[in-house]
Amino acid sequence: MAKNSANGDHQTTTKPPPTPSPLRFSKFFQPNMRILVTGGAGFIGSHLVDKLMEDEKNEVIVVDNFFTGSKDNLKRWIGHPRFELRRHDVTEPLLVEVDKIYHLACPASPIFYKYNAVKTIKTNVIGTLNMLGLAKRVGARILLTSTSEVYGDPLVHPQPESYWGNVNPIGVRSCYDEGKRVAETLMFDYHRQHGIEIRIARIFNTYGPRMNIDDGRVVSNFIAQSLRDEPLTVQAPGTQTRSFCYVSDMVDGLIRLMEGDNTGPINIGNPGEFTMIELAELVKELISPKVEIKMVENTPDDPRQRKPDITKAKELLGWEPKVKLRDGLPLMEEDFRLRLGVSKKI
Ligand SMILES: NC(=O)c1ccc[n+]([C@@H]2O[C@H](COP(=O)([O-])OP(=O)(O)OC[C@H]3O[C@@H](n4cnc5c(N)ncnc54)[C@H](O)[C@@H]3O)[C@@H](O)[C@H]2O)c1
Ligand SMILES: O=c1ccn([C@@H]2O[C@H](COP(=O)(O)OP(=O)(O)O[C@H]3OC[C@@H](O)[C@H](O)[C@H]3O)[C@@H](O)[C@H]2O)c(=O)[nH]1
């Protein structure tokens with residue numbers, strides 16, 4: 001029987017998990033663990049791949065359509081015997097023999113996920129269905145990177161996993177937040193109906209090296225703007241809050257969730273909470289004291305507050321973030337300086 005979650009009785013599985021490849025039980029041949037990372041050419045995905053590749057028993061297959069990701073993020077692994085990169089869109093079925101699936105494929109920056117909203121919802125719904133179909137066929141365990149956006153504009157603060165959220169079903173963000181909500185539903189339906197071993201991470205705002213420079217998300221915007229001597233664009237009112245998790249902490253949390261016994265959903269994020277004005281002030285202080293801060297118009301349905309309750313992650317995964325925002329921002333600054341060709345003034 002697939003292990004049940006810590007969430008309660010309503011998640012009882014009706015079927016045993018599908019049988020993994022016979023090689024898993026082979027007495028004389030111990031194969032490598034074959035791990036699929038969808039969206040592995042993106043920001044979080046490529047850091048996850050780096051970590052997985054450190055273990056010589058892992059073979060990693062990345063599939064990506066390169067919409068927001070890039071081969072550059074994976075260049076150190078291209079040609080490595082335990083690594084494979086395929087151009088593939090998850091809205092199309094995929095046939096590969098794997099043991100574990102980290103399903104990350106989906107644009108994450110609001111600018112990019114709104115750009116082709118229909119494609120975003122297809123990626124979340126059809127893409128997740130395809131990856132669940134694959135998990136069922138080969139008996140693989142599958143982890144979905146869901147999001148804090150499933151809580152919408154939350155009326156409960158901080159947000160525990162038990163909160164069902166406050167989401168606009170017809171807004172411009174719905175392709176993403178409702179898309180991820182359906183993806184979570186699909187994960188649990190496959191778990192209950194077909195016994196698939198699932199894991200769901202609800203990721204809160206994550207930052208770090210390799211974010212696209214013009215990605216549009218707030219941390220990358222502020223760092224790029226400060227290095228280009230452009231004003232930091234705080235979207236009004238600037239009192240909205242976010243909690244920022246450094247990418248190495250995120251990767252550690254995702255791997256613990258995959259390797260543990262809990263289906264989730266589990267919040268993975270850093271509970272340190274900042275207003276956007278505070279974030280701009282911090283970037284100014286750490287990177288460019290002379291830079292201006294400019295108030296600009298906001299976008300519709302921007303959540304007013306966001307902070308994870310990480311009690312479950314602490315108790316069930318033994319996980320909590322280690323890197324403070326003040327320490328993570330300079331690491332990202334270094335990477336952005338290199339890519340923008342802007343050296344530090346002494
Ligand atoms: N970074 C965050 O703050 C954050 C927060 C919550 C959830 N997440 C989730 O984590 C995952 C990774 O986010 P990220 O920040 O690395 O974003 P990203 O945009 O850098 O990476 C997403 C990757 O998925 C690929 N992709 C998109 N659509 C695809 C498709 N149809 N088929 C194949 N590949 C496709 C992109 O090319 C890219 O490489 C996403 O699922 C996102 O929803 C991220
Ligand atoms: O230049 C900017 C960009 C953004 N912002 C503000 O910064 C806050 C954060 O915006 P971001 O675009 O970085 O990200 P959001 O929190 O809206 O969405 C994010 O959270 C959850 C994830 O699932 C998404 O993938 C991620 O992009 C918002 O309040 C936004 O209004 C600015 O003040 N200035």
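Refer to the structure above for everything that follows.
A quick note: this is a predicted structure, and the numbers were derived from the prediction, not measured.

Asker: Can you help me understand the overall build of the chain in this one?
Answerer: Tallying secondary structure elements over the chain gives nine helices and 13 strands in all. Over its C-alpha trace the chain gives a radius of gyration of 20 Å, about what one expects of a compact globule, namely 20 Å for 346 residues. Along the first, second and third principal axes, the C-alpha set of the chain runs to 65 × 45 × 35 Å. Buried positions account for 54% of the 346 residues belonging to the chain. For the chain, restricting intrachain contacts to residue pairs at least 6 apart in sequence, the fraction spanning at least 24 positions comes to 80%. Charge-centre separation for the chain: the mean point of 46 positive side chains lies 3 Å from the mean point of 44 negative side chains.

Asker: I'm lost on the side chain of Glu149 in this one. Help?
Answerer: In this fold, Glu149 is placed in the loop between β5 (141–147) and α4 (174–194). We classify Glu149 as buried; its relative accessible area is 7%. Setting aside its immediate chain neighbours within four residues, Glu149 contacts Tyr113, Val167, Arg173, Tyr176, Asp177 and Arg306.

Asker: It is not clear to me how the packing of aromatic side chains should be interpreted in this structure. Could you clarify?
Answerer: Here the distance between the centres and the angle between the planes together describe a pair of aromatic rings. If you walk through the whole model with that rule in mind, you get six aromatic pairs. Between Tyr151 and Phe204, the aromatic rings sit 6.2 Å apart at their centres with planes inclined by 40°, giving tilted as the arrangement. Here Tyr151 is found in the loop between β5 and α4, whereas its partner Phe204 is found in the loop between β6 (198–203) and β7 (206–207), with 53 residues between them in sequence. Arranged with centres 5.5 Å apart and planes meeting at 70°, the rings of Tyr207 and Tyr246 form a pair that is edge-to-face. Highlighted residues: Tyr207 in strand β7 and Tyr246 in strand β10 (residues 245–246), separated in sequence by 39 residues. Taking the relative accessible area as the measure of exposure, Tyr207 reaches 0% and is therefore buried. By relative accessible area, Tyr246 is classed as buried at 8%. Clustering of aromatic rings is evident, with ring pairs tying together Phe67, Phe112 and Tyr115.

Asker: What exactly am I supposed to notice about the site of ligand 2 here?
Answerer: As a matter of local geometry, ligand 2 sits amid 23 residues, with Ala108, Thr147, Thr233, Gln235 and Arg242 nearest to it. A distance of 3.3 Å separates an oxygen atom of ligand 2 from a polar atom in the side chain of Asn298. Asp302 is positioned with one of its side-chain polar atoms (N or O) 2.7 Å from an oxygen atom of ligand 2. In the complex, the protein chains occlude 95% of the 660 Å² of accessible area that ligand 2 would expose alone.

Asker: Would you explain the site of ligand 1 in this entry?
Answerer: For ligand 1, the set of nearby residues contains 29 residues, the closest of which are Ile44, Asp64, Thr68, Leu104 and Tyr176. Between ligand 1 and the protein, one listed contact pairs an oxygen atom with a backbone N or O atom of Gly42 at 3.0 Å. At 3.0 Å from a nitrogen atom of ligand 1 is found a main-chain nitrogen or oxygen belonging to Val90. When the free accessible area of ligand 1 is taken as 820 Å², the share hidden by the protein chains comes to 97%. Elements represented by at least two residues in the shell around ligand 1 include exactly α1 (43–53), β5 and α4. No other element matches the three residues that β5 contributes to the shell around ligand 1. When grouped by side-chain class, the residues that make up the shell around ligand 1 number 13 nonpolar, twelve polar and four charged.

Scoring rules and cut-offs
- Residues numbered from 1 in each chain as written.
- Chains lettered and ligands numbered in written order.
- Predicted model: local features only at pLDDT ≥ 70, side-chain atom pairs only at ≥ 80, totals over all residues.
- Heavy atoms only, no water.
- Helix = DSSP H or I, 4+ residues; strand = E, 2+ residues; numbered from the N terminus.
- Rg over C-alpha atoms; globule rule 2.2 N^0.38 Å.
- Buried < 20%, exposed > 50% of the residue type's maximum accessible area, 1.4 Å probe, protein only.
- Contact = heavy atoms within 4.5 Å.
- Lys, Arg positive; Asp, Glu negative; His and termini not counted.
- Charge placed at Lys NZ, Arg CZ, Asp CG, Glu CD.
- Phe/Tyr/Trp six-rings, centres within 6.5 Å; stacked < 30°, edge-to-face > 60°.
- Near = heavy atom within 4 Å.
- Polar contact = N/O pair within 3.5 Å; in protein donor to acceptor, adjacent residues only side chain to side chain.
- Areas by Shrake-Rupley, 256 points an atom, 1.4 Å probe, with all protein chains shown as cover.
- Nonpolar A, V, L, I, M, F, W, Y, C, P; charged D, E, K, R; others polar.

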